Amino acid sequence: MKRMVIFGIVLAIACVAGFSFKKAAIKTNAYSTLPKDSVGSVKAFMSVYKVLMTARCMNCHPSGDVPLQGDDSHLHTMGVKRGIDGHGLYSLRCSNCHQAENTAGLHMPPGNAKWGLPPANMRMVFQGRTPRQLALQLLDPKQNGGRTKQQLIDHMAKDNLVGWAWHPGDGRSLPPMSRAAFAAQVRLWIAKGAYAPSAKAK
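Residues numbered from 1 in each chain as written. Predicted model: local features only at pLDDT ≥ 70, side-chain atom pairs only at ≥ 80, totals over all residues. Heavy atoms only, no water.

Draft legend 1. Inspection of the pattern of salt bridges at higher detail. According to the stated counting rule, one finds seven salt bridges in the structure shown. Residue aspartate 71 pairs with arginine 56 through a salt bridge whose shortest N-O separation is 2.6 Å. Note that aspartate 71 is positioned in the loop between β1 (68–69) and β2 (74–75) and arginine 56 in helix α3 (residues 55–58), a separation of 15 residues in sequence. When its relative accessible area of 6% is taken as the criterion, arginine 56 is described as buried. The shortest N-O distance in the salt bridge between arginine 123 and aspartate 65 comes to 3.7 Å. (Salt bridge = Lys/Arg side-chain N within 4 Å of Asp/Glu carboxyl O. Helix = DSSP H or I, 4+ residues; strand = E, 2+ residues; numbered from the N terminus. Buried < 20%, exposed > 50% of the residue type's maximum accessible area, 1.4 Å probe, protein only.)

So, in structure tokens, the structure goes:
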């Protein structure tokens, strides 16, 4: 009798695990089986672009070596610069002020354990990029940190530093859509062919 009860419990657990795995597979396959669609792909990317060009993303992806601050994306005060590893130069290290979490209070230093800019050898600039330029840059492993398309999706959807944009602390605006909606648009863009917008797109 005891063995039958144990067997029943094990069987139930296996069924639940199998159902969860099947749901996850169906969800993933829903994107992987989408037909190529240049119009739909570009439309999805334009939604992605609107998020990436907000201050929450662009401030850490500047065209120069000085990080940007605030919703108006002004140059970081105190002479802060990128440095080779992206975490500051000389004694002005990002971690001097930016801790593992946001500092409480209005406009206080935001925080994350990985806080910093991309490194000097992989600058991943967003500022000033047209939709086409940014799409092509994101798809290029030589410019996107060596990421495949799937790794790019995972980075956008799961990386906790990217996720900070939706928890930026008091006094900072949020991106124009939720992170879940943003990640869905990234997946659609790539699943439908990862097409880059035309040079005329704005």
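Draft legend 2. Fine view of the packing of helix α5 (residues 149–158) against helix α7 (residues 179–191). Look at α5 against α7: their axes get within 9 Å of each other, and the N-to-C directions meet at 170°. For the element pair α5 / α7, the angle class is roughly antiparallel. For the pair α5 and α7, the contacting residues are Lys149, Leu152, Ile153, His155, Met156, Ala157 and Lys158 in the first and Arg179, Phe182, Ala183, Val186, Arg187, Trp189 and Ile190 in the second. A class-by-class count of the residues in the contact of α5 with α7 yields nine nonpolar, one polar and four charged. (Axes fitted to C-alpha atoms, helices over the stretch in contact; angles between N-to-C directions. Parallel < 35°, antiparallel > 145°, perpendicular 65-115°, else oblique. Contact = heavy atoms within 4.5 Å. Nonpolar A, V, L, I, M, F, W, Y, C, P; charged D, E, K, R; others polar.)

Draft legend 3. Local environment of the nonpolar core. If you look at the biggest cluster of nonpolar residues, it comprises 23 residues, and the most contacted ones within it are Phe45, Leu52, Leu138, Phe182 and Trp189. At the level of elements, α2 (38–52), α3, α4 (131–139), α5 and α7 are the ones that each hand at least two residues to this core. Ranked by the residues each element gives to this core, the list is headed by α2, at six residues. By size, the runner-up hydrophobic cluster in this structure holds five residues, among which are Cys60, Cys94, Trp115 and Leu117. (Core = buried A, V, L, I, M, F, W, Y, C linked by side-chain atoms within 4.5 Å.)

Draft legend 4. Representation of the packing of aromatic side chains in the model. Here the structure, examined in full by the defined rule, presents four aromatic pairs. With 6.2 Å between their ring centres and 40° between their planes, phenylalanine 45 and tyrosine 49 make a pair best called tilted. Remark: tyrosine 49 and phenylalanine 45 occur in helix α2; sequence separation between them is four residues, near one turn of the helix. Among the residues examined, phenylalanine 45 registers a relative accessible area of 0% and is labelled buried. Between the aromatic rings of phenylalanine 45 and tryptophan 189, the centroid separation amounts to 4.7 Å while the plane-to-plane angle is 50°, which identifies the pairing as tilted. Residue phenylalanine 45 is found in helix α2, and its partner tryptophan 189 is found in helix α7; the two are separated by 144 residues along the sequence. Taking the relative accessible area as the measure of exposure, tryptophan 189 reaches 1% and is therefore buried. Three or more aromatic residues joined by ring pairs make a cluster, and in this case those are Phe45, Tyr49 and Trp189. (Phe/Tyr/Trp six-rings, centres within 6.5 Å; stacked < 30°, edge-to-face > 60°.)

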